[in-house]
Amino acid sequence: MSESFGNGILKGLGVTLKRFLDTYADDLKWLGKRYHTPEGILHRASKNGRGIFTVQYPEEKIPVPEEFRFVPLLVYDVQPDGEKVMRCTSCGICSRVCPPQCIWIVRSTDPATNRPIPDPAEFYIDADICMNCGLCAEYCPFDAIKMDHDYELASFGRNLYNKAQLAKPASYYSGIRPVNAAREDAARAAKEAARASAHE
Ligand code: SF4
Ligand code: SF4
């Protein structure tokens, strides 16, 4: 009984030693690219990875797929003169469909006529309540609210984001979701072309 117990310990130590040595062998094979590169992280996570495969967060981060969803962002377009124009028209659809009701929007009004202006005066998302479902982005008719990839939101306070904190340029959005952004840009361009030809 005690002999087989000893054999088990030796076998376990042998597995640990092999993994330890495999790490150096894999390091040499990858010549410095095993760590801190997306392909190195993917290799270690694959069936071909040898040795230690722990991701050394926060120095290393696992690349997220395009469809990864985290707290929404508000997209703005930069005009040729540098002006930043928010796509949001403050229609309120996103706040109505949001299941935990964590979106608050304050509409702007024209001081002269007191009529609503399609531009939110204030826009808040309580990121501590947001469940990252993506419904707001699915329902927005103006491609104005999209799911972000930034998941590092830990803080000592409440994560209540305002319009300025949520706003990100269209170039950022197309950087994290290139396939989606290209498809949506093409659809918007086709719609505008159809509208223009209808007025001819
Ligand atoms: S983000 Fe979209 S759905 Fe929400 S208020 Fe703005 S335009 Fe409407
Ligand atoms: S992702 Fe879901 S929970 Fe978060 S703001 Fe959008 S609709 Fe609400």
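This one's a predicted model, so the numbers in the text were calculated from it and none came from an experiment.

Reading the values: the criteria
- Residues numbered from 1 in each chain as written.
- Chains lettered and ligands numbered in written order.
- Predicted model: local features only at pLDDT ≥ 70, side-chain atom pairs only at ≥ 80, totals over all residues.
- Heavy atoms only, no water.
- Helix = DSSP H or I, 4+ residues; strand = E, 2+ residues; numbered from the N terminus.
- Contact = heavy atoms within 4.5 Å.
- Near = heavy atom within 4 Å.
- Nonpolar A, V, L, I, M, F, W, Y, C, P; charged D, E, K, R; others polar.
- Salt bridge = Lys/Arg side-chain N within 4 Å of Asp/Glu carboxyl O.
- Buried < 20%, exposed > 50% of the residue type's maximum accessible area, 1.4 Å probe, protein only.
- Polar contact = N/O pair within 3.5 Å; in protein donor to acceptor, adjacent residues only side chain to side chain.
- Phe/Tyr/Trp six-rings, centres within 6.5 Å; stacked < 30°, edge-to-face > 60°.
- Pairing = 2+ DSSP bridges.

### Here's the deal with the side chain of Ser90
Okay, so step 1: Here Ser90 shows up in the loop between strand 2 (84-86) and helix 3 (93-97).
Okay, so step 2: Apart from residues lying up to four places away in sequence, Ser90 is in contact with Ile105, Arg107, Ile117, Pro118, Asp119 and Pro120.

### Side note on the site of ligand 1
Okay, so step 1: The local shell around ligand 1 holds 13 residues, among which Cys88, Cys91, Gly92, Cys94 and Cys140 are the closest.
Okay, so step 2: Broken down by class, the residue content of the shell around ligand 1 amounts to 10 nonpolar, three polar and no charged.

### Looking at the pattern of salt bridges
Okay, so step 1: According to the stated counting rule, one finds 14 salt bridges in the structure shown.
Okay, so step 2: As a salt-bridge pair, Asp22 and Lys18 come within 2.9 Å of each other at their nearest N and O atoms. Placement of the pair is Asp22 and Lys18 together in helix 1 (residues 2-30), with a separation of four residues, close to one helical turn.
Okay, so step 3: Arg87 is the partner of Asp77 in a salt bridge, and the nearest nitrogen-oxygen pair spans 3.0 Å. Residue Asp77 is located in strand 1 (residues 70-78), and its partner Arg87 is located in the loop between strand 2 and helix 3; the two are separated by 10 residues in the primary sequence.
Okay, so step 4: For Asp77, a relative accessible area of 27% corresponds to the partly exposed category.
Okay, so step 5: Through salt bridges with shared partners, one network takes in Asp143, Lys146, Glu184, Asp185 and Arg188.

### Notes on the side chain of Asp148
Okay, so step 1: Of note, Asp148 is situated in strand 5 (residues 145-148).
Okay, so step 2: The class of Asp148 is buried, set by a relative accessible area of 5%.
Okay, so step 3: Within the structure, the side chain of Asp148 is placed 2.5 Å from the side chain of Tyr172, a separation counted as a polar contact.

### Some details on the packing of aromatic side chains
Each pair of aromatic rings is reported with the distance of its centres and the angle of its planes.
Okay, so step 1: Evaluated as defined, the whole model comprises three aromatic pairs.
Okay, so step 2: Their ring planes at 5° and their centres at 6.2 Å tell us that Phe68 and Phe70 sit as a pair that is stacked.
Okay, so step 3: By way of ring pairs, the aromatic residues Phe68, Phe70 and Tyr151 are connected into one cluster.

### Quick word on the pairing of strand 1
In summary, the side chains of a regular strand alternate between the two faces of the sheet.
Okay, so step 1: By the bridge criterion, four bridges tie strand 1 to strand 5 in an arrangement that is antiparallel. Bridge pairing in strand 5 places Leu73 opposite Lys146.
Okay, so step 2: In terms of strand pairing, strand 1 meets strand 7 (residues 167-169) through three bridges, oriented parallel. Looking at the pairing, Leu74 lines up with Ala167 of strand 7.

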